[in-house]
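The lines below spell out each chain.
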Amino acid sequence: MQPSNAYGTGLALIAALGFSLKAIFVKLAYPYGIDAITLLALRLGFALPVFLWVGLSSQKAGDSLSREDWGKLLLLAFCGYYGSSLLDFWGLEYISAGLERLILFTYPTLTILIGVLFQGKPLTRREGIAVALCYTGIGFAFVHDLNFGDTRSVVIGGALVFGSSILYAVYLSGSGPMITRLGAMRFSALAMLMSSAMTLLHFMAAQPFSAFIQPLPVYGWGLAMALFSTIVPVFAQSAAIRRIGAGRASLYGMVGPILTIGFGWWLLGEHISAAQTAGAVFVVVGILIVSRK
């Protein structure tokens, strides 16, 4: 493996590790009584200075944006790290970290289905098999959570996280042309800035400012989430895509669900069953099929 490829592979694995830890940090913070929007505001508030610095630097160096560009950025920011993250955080109040990661990991198949339903793209046989495998895997994972939790909670949490996955798929479907137009780093920074602003406005409308007064461990988990599950993986993923391409970077990201299930067992005491293991295998194989060129 060439040094540049090895470096790109390492960055992709770092991104996968960071994203897989997000659900763990959320679960570790919830026992202290914090709600989803406050925790999300802490996460993005801690990350905001970094994205502000990168965003302002890239704005000075890049071409000026049109009103249409700003409108697209606003829509994508709403779907991405604001809307998608908020539904995800709400869902984690009800379901295990392992099931959450498996449901979120279906976003490549949802991106395909969005193309088929709204962009007139054909559904190939290989893509159909991948979609079937992924949702079979989700079914196995649901069986696992139903055996260890309340049916109503699993259904509500699963629906919220699936909604999060849909919004993230919309974000990815629309981000391709914008990344080509602005560059990966500039787009990521500007989209994150807008998402952070939306989150903080939502927090101020829904909660008193005193809600930011939390037990010390909550600040620790919020800061860890901002650094290790937001800043580092967002920029590591962009750098990995630049070095090894989006296809290969996404393949390495497939270790994410396995890492989350393992961390959930180790740090949260979540059970690992044969059904959950089978579900993870089905989902990973499905994404592997759809990601191959």
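Throughout this document, residue positions are counted from 1 along each chain, in the order its sequence is written. Reporting in this predicted model follows two pLDDT cut-offs: at least 70 for local features of residues, and 80 or more for side-chain atom pairs to be given and counted; totals over whole chains, interfaces and linings ignore these cut-offs and use all residues. Hydrogen atoms and water are omitted, and side-chain values are computed over all heavy atoms in the structure.

A. Representation of the pattern of salt bridges in the model. Think of a salt bridge as a Lys or Arg side-chain nitrogen and an Asp or Glu carboxyl oxygen that are within 4 Å of each other. Summed over the entire model, instances satisfying the criterion amount to four salt bridges. The shortest N-O distance in the salt bridge between Lys-72 and Glu-68 comes to 3.3 Å. Linking Lys-72 with Glu-68, this pair stays in helix H3 (residues 67-91), spanning four residues, or about one helical turn. A simple rule labels every residue: compare its accessible area, found with a 1.4 Å probe on the protein chains alone, to the largest value its type can have, and call it buried under 20%, exposed over 50%, or partly exposed in between. Residue Glu-68 is classed as exposed on the basis of its relative accessible area, which comes to 52%. A salt bridge links Asp-69 to Arg-181; the shortest N-O distance between them is 2.7 Å. Every helix listed is a DSSP run of H or I at least four residues long, and every strand listed is a run of E at least two residues long, numbered separately from the N terminus.

B. The arrangement of the packing of aromatic side chains in detail. Two rings belonging to Phe, Tyr or Trp (six-membered ring only in the last case) form a pair when the distance between their centres is within 6.5 Å. Interplanar angles under 30 degrees mark stacking, angles over 60 mark edge-to-face geometry, and anything in between is tilted. On inspection of all chains with the given rule, the structure shows twelve aromatic pairs. Plain terms: the ring middles of Phe-51 and Phe-235 are 5.4 Å apart, the flat faces sit at 35 degrees to each other, and that makes the pair tilted. Remark: Phe-235 occurs in helix H9 (residues 216-244) and Phe-51 occurs in helix H2 (residues 36-61); sequence separation between them is 184 residues. Grouping residues by exposure puts Phe-51 and Phe-235 together as buried. Ring centres of Phe-78 and Tyr-82 lie 5.5 Å apart, and the angle between their planes is 50 degrees; this geometry places the pair in the tilted category. Note that Phe-78 and Tyr-82 are positioned in helix H3 at a spacing of four residues, about one turn of the helix. A relative accessible area of 42% means that Phe-78 is categorised as partly exposed. Residue Tyr-82 is classed as buried on the basis of its relative accessible area of 12%.

C. Molecular detail of the packing of helix H7 (residues 151-182) against helix H8 (residues 184-206). For every element, the axis is a line fit to its C-alpha atoms; helices are fit only across the contacting stretch, and the angle between N-to-C directions ranges from 0 to 180 degrees. For the pair H7 and H8, interaxial distance at closest approach is 8 Å and the crossing angle is 125 degrees. One finds that H7 runs oblique with respect to H8. Along this stretch, H7 crosses H8, giving a crossing that reads as right-handed. Touching Tyr-171, Ser-175, Met-178, Ile-179 and Leu-182 of H7 are Ala-184, Arg-186, Phe-187, Leu-190 and Ala-191, all from H8. For this classification, Asp, Glu, Lys and Arg are treated as charged, while Ala, Val, Leu, Ile, Met, Phe, Trp, Tyr, Cys and Pro are nonpolar and the rest, including Gly, are polar. Along the lines of polarity and charge, the residues of the contact of H7 with H8 split into eight nonpolar, one polar and one charged. Roughly parallel refers to an angle under 35 degrees, roughly antiparallel to one over 145, roughly perpendicular to one between 65 and 115, and oblique to any angle outside these ranges. Each crossing gets its hand from how the near helix is turned against the far one by less than a right angle, where anticlockwise is left-handed and clockwise is right-handed. Working rule for contacts: check all heavy atoms of both residues, and any pair within 4.5 Å makes them a contact.

D. Geometry of the side chain of Ser-96. Relative to the elements of secondary structure, Ser-96 occurs in the loop between H3 and helix H4 (97-104). For Ser-96, the side chain forms a polar contact with the side chain of Asp-145, separated by 3.0 Å. Those residues in contact with Ser-96 that sit more than four places away from it in its chain are Lys-27, Asp-145, Glu-270 and Gln-276. Under the rule applied, a polar contact is a pair of N or O atoms within 3.5 Å (in protein, one hydrogen donor and one hydrogen acceptor; residues adjacent in sequence only if both atoms are side-chain atoms).

E. Region of interest: a nonpolar patch on the surface. Like charges within 9 Å and nonpolar side chains (Val, Leu, Ile, Met, Phe, Trp, Tyr) within 5 Å are joined into patches, using only residues over 30% in relative accessible area that form no salt bridge. Method for areas: the Shrake-Rupley scheme with a 1.4 Å probe, in which residue coverage is limited to the protein chains shown. A grouping of Ile-14, Leu-227, Phe-228 and Val-232 is seen on the molecular surface, where their side chains present a nonpolar patch of about 320 Å² in accessible area. Counting residues per element, the nonpolar patch draws most heavily on H9, at three residues. Within the fold, Leu-227 resides in helix H9.

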